[in-house]
Amino acid sequence: MYNNGMDLRTKAKMPTPKSEDDSIVALFSDGLLIHFKKDDVIIQGDEEPEGVYLIKSGFVKAYSISHEGHKNLLLIHKDGEFMPLPWALDGGHTTGMYYEAMTDVDILRVGKNKLRSAMGNNAWLSREILVQTVDIISIYTQRIQTLEYRTARERIVSELIYLAEFI
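Only a predicted model underlies this, so the values are computations on that prediction, with no experimental measurement involved.

Draft legend 1. Up close: unusual backbone geometry. Residue P84 is bonded to the preceding M83 through a cis peptide linkage, with omega at -15°. As for its position among the elements, P84 is in the loop between β6 (82-83) and α3 (85-90). Phi at D39 is positive, roughly 80°, even though this residue is not glycine. Its location among the elements puts D39 in the loop between β1 (32-36) and β2 (41-43).

Draft legend 2. Looking closely at the pattern of salt bridges. Going through the model one piece at a time under the given rule, you end up with five salt bridges. Among the salt bridges present, the one from K61 reaches E100, with a minimum N-O distance of 3.6 Å. A residue pair is termed long-range when its members are at least 10 positions apart, and K61 in strand β4 (residues 60-65) and E100 in strand β7 (residues 98-101) qualify at 39 residues. K61 sits in the partly exposed class, given a relative accessible area of 22%. For E100, a relative accessible area of 5% translates into the label buried. The structure contains a network of salt bridges with shared partners spanning K61, K71 and E100.

Draft legend 3. Molecular detail of the confidence of the model for the protein chain. For the protein chain, per-residue confidence averages 80 on the pLDDT scale, and 84% of positions sit at 70 or higher. Taken element by element, the predicted model of the protein chain shows its lowest mean pLDDT in helix α1 (residues 8-13) (38) and its highest in β7 (94).

Draft legend 4. Summary view of the nonpolar core. One finds F28, I42, F82, M83, Y99, L115 and L125 to be the most contacted residues of the largest nonpolar core, which totals 33 residues. Residues contacting L125, with those up to four places away along its chain left out, are I24, L27, F28, F82, L115, A118 and M119.

Draft legend 5. Structural view of the sheet that holds strand β3 (residues 52-57). In space, the four strands of this open sheet follow the order β1-β8-β3-β6, with antiparallel pairing throughout. Only two strands of the sheet have a single partner each, and these edge strands are β1 and β6. Pairing of β3 with strand β8 (residues 105-110), which is carried by five bridges, proceeds in the antiparallel orientation. Note that in β8 the partner of L54 across the bridge is L108.

Draft legend 6. Spatial organisation of a nonpolar patch on the surface. On the surface, a cluster of nonpolar side chains totalling about 340 Å² of accessible area is made up of F59, L73, I76 and M102. Of note, L73 is situated in strand β5 (residues 71-77).

Draft legend 7. Helix α5 (residues 123-147), seen in detail. Across its 25 residues, α5 extends 36 Å between first and last C-alpha, which sits within 8% of the 36 Å expected from 1.5 Å per residue. Taken together, the buried positions of α5 are occupied by W124, L125, E128, I129, Q132, I136, Q142 and T146. In this fold, the buried residues of α5 make contact with α2 (24-27), β5, β6, α3, α4 (112-121) and α6 (152-164). In this structure N122 caps α5, since a side-chain oxygen of it lies 3.0 Å from the backbone nitrogen of W124.

Parameters at a glance
Residues numbered from 1 in each chain as written. Predicted model: local features only at pLDDT ≥ 70, side-chain atom pairs only at ≥ 80, totals over all residues. Heavy atoms only, no water. Helix = DSSP H or I, 4+ residues; strand = E, 2+ residues; numbered from the N terminus. Salt bridge = Lys/Arg side-chain N within 4 Å of Asp/Glu carboxyl O. Buried < 20%, exposed > 50% of the residue type's maximum accessible area, 1.4 Å probe, protein only. pLDDT = per-residue confidence, 0-100. Core = buried A, V, L, I, M, F, W, Y, C linked by side-chain atoms within 4.5 Å. Contact = heavy atoms within 4.5 Å. Pairing = 2+ DSSP bridges. Patch = residues over 30% accessible without salt bridge, like charges linked within 9 Å, V, L, I, M, F, W, Y side chains within 5 Å. Areas by Shrake-Rupley, 256 points an atom, 1.4 Å probe, with all protein chains shown as cover. Expected span 1.5 Å × (residues − 1). Polar contact = N/O pair within 3.5 Å; in protein donor to acceptor, adjacent residues only side chain to side chain.

Spelled out as structure tokens, the structure:
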């Protein structure tokens, strides 16, 4: 336990402190500011993204669409996060991934090369991108582990235990 009552696990999940000048938004303030209304599709699953999108405010859901036409929620992105991060980092476009505004959203769009160049010159930004990447991997890992449970009861219990970690 820390002297302020937080244990190590809680402390590790707290966001990295950042000053106004070092914020991700400040680094990309020269990007194109785009406003999307709730339910607007930001990135179509079958199209190459026009750039890297930094969420300035709002929430965006990433999903795929099944052969039967059902939307499968994959991630929810919040302010300060980049999308599509896999495309931004390795260049390959994951087809079938859609990004849709869950609320009104303000986004800064920059070129993929701008992000990569900024990461090469700014260790703090590289750490922030790494944190986002690890968070995404952790979410998918937890989902894979939940699939190991065969009954609905086991899956619900697993999900509740996972969600309890955020309380």
